[in-house]
Amino acid sequence: MFRQEAIEIIRKAITEEGILASAQQRDNYARVWARDSMMTGYAGILVHDEEILAGLEKSVLTLARHQAENGQIPSNVVNDKASYGTHVGRTDATTWWIVTTCEYLKSKQNDELKKSLKEKIYKALSCLKSWEYNQRGLVYSPLGGNWADEYVTSGYTLYDNVLRYWALKNAAEIYDDETLKILAENTKKLIQENFYKNENGTDSARYHETAYSKVSPKPYFYASLNANGYDGRFDLAGNALALLLDFDLDKEAFSEFLNGVKAEFKHWMLPAFYPVIFPGDDDWRLLENNYSYSFKNEPYHFHNGGSWPIFLGWLCLGLKNKGVKDIPEKILKQYEELMNEKGEHFREYYSTDQLLPLGTEQLCFSASGYLLMTY
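These remarks concern the structure in this document. (Residues numbered from 1 in each chain as written. Predicted model: local features only at pLDDT ≥ 70, side-chain atom pairs only at ≥ 80, totals over all residues. Heavy atoms only, no water.)

## What to know about the overall build of the protein
Heads up, the rule is: Think of it this way: any DSSP run of H or I at least four residues long counts as a helix, any run of E at least two long counts as a strand, and we number them from the N terminus. We take the radius of gyration over the C-alpha atoms and set the globule estimate at 2.2 Å times the residue count to the 0.38 power. Burial classes follow relative accessibility: with a 1.4 Å probe on protein chains only, a residue under 20% of its type's maximum area counts as buried, one over 50% as exposed, and anything between as partly exposed.
When helices and strands are counted, the protein shows 14 helices and nine strands. The globule rule puts the C-alpha radius of gyration for 375 residues at 21 Å, and the 19 Å found for the protein is close to it. Projected onto its principal axes, the C-alpha coordinates of the protein cover approximately 50 × 50 × 40 Å. Across the 375 residues of the protein, 59% fall into the buried class.

## Some remarks on the sheet that holds strand β1 (residues 32-33)
Paired through their backbone hydrogen bonds, the strands of a sheet run either parallel or antiparallel. Put simply, the rule is: Pairing between strands is defined by DSSP: at least two bridges between the two strands are required.
Taken in spatial order, the three strands of this open sheet run β1-β2-β3, and their pairing is antiparallel. Each of the sheet's edge strands pairs with one partner strand only, and the pair in question is β1 and β3 (81-83). When β1 meets strand β2 (residues 76-78), the two strands line up antiparallel, connected through two bridges. Opposite W33, over in β2, you have N76 as the bridge partner.

## A few points about the packing of helix α12 (residues 309-321) against helix α13 (residues 326-342)
Defined as follows: All axes are obtained by fitting lines to C-alpha atoms, using only the stretch in contact for helices, and the reported angles, taken between N-to-C directions, cover 0 to 180 degrees. Oblique is the label for any angle not covered by the other classes, which are roughly parallel (under 35 degrees), roughly antiparallel (over 145) and roughly perpendicular (65 to 115). Crossing handedness: left-handed means the near helix sits turned counterclockwise from the far one by under a right angle, and right-handed means the same turn made clockwise. Any two residues whose heavy atoms approach within 4.5 Å are treated as being in contact. Gly falls in the polar group here, along with every residue not listed as nonpolar (Ala, Val, Leu, Ile, Met, Phe, Trp, Tyr, Cys, Pro) or charged (Asp, Glu, Lys, Arg).
Close contact between α12 and α13 brings their axes to 9 Å; oriented N to C, the two are set at 155°. Compared by their axis directions, α12 and α13 come out roughly antiparallel. In terms of crossing hand, the pair formed by α12 and α13 is left-handed. On α13, the residues touching P309, L312, L315, C316, L319 and K320 of α12 are I327, P328, I331 and Y335. When grouped by side-chain class, the residues that make up the contact of α12 with α13 number nine nonpolar, no polar and one charged.

Structure (structure tokens):
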């Protein structure tokens, strides 16, 4: 229904530097953001749009040109100036760049480009290795260190580690690297053992055996693990990617959980993180000062229970990968109905209490999410 409109919005955001965050080229959205341009480019690969693919290649090269000395990929680039983060660096800028660069190389089979980017990709992988800190296999992200930069998750986050696994897996495949392949397989096992309650696991693989023994089993992967224990909330993005990459979980129990969240909110625009944090909750103090321009994380808004079409798109892809088709159909139907009803297409996110379309307009993130839902 909105497929061509989504493609056109992305095309309008393409510049000589690459794919900008929004077709409305204003404020700090008029930049080549690593995660935005890479996810948008991934959608372009899926729908085989040559114009978007050309924009993706420009994004890949722009970001690679500004790679830091330690291998880190910039969070964003504008006017030939790179930013690696404001309050803290962004772990997922580097992982998304590796993941989608390798996906692009697979789709294009350009040996010259593959050869020219190899050193950059391996340098970025080396940077991720240095972010393990304790050399035990999982990367550690600071508070505010990924897409949910004004939220409360930190430490060994599900989302960042699943992306790191994907980066290793893709690079191993592109460069036929057996060492990277083994590292990817070990990383997947570590994530499975540490983020999903399974009494048949290996004690030695668990980062925090005491915390693991105390945490309650969930029908999904935990959001993060830190020195002070587990964050047992539901991270939709991290779980979506885990499903897409064939991690093991009980899909019936997971589907039942999603249906339960839908019943609670009375719609299929599921929250990015659940449950919602309210004033007076323990985590509220971590939220209230963690912002750059203005506070956006009121309950049911932005990262704090807001619904993001981009990650609903990844969830639909992940569920379909596991053979679950009814929930993706319901999510797509709900999103299309909302865009028709509200007259606001491809806004950044929806509040989950009143389903208000909020944030930036004509966002490539949201247009890409729609394309992922329809794939």
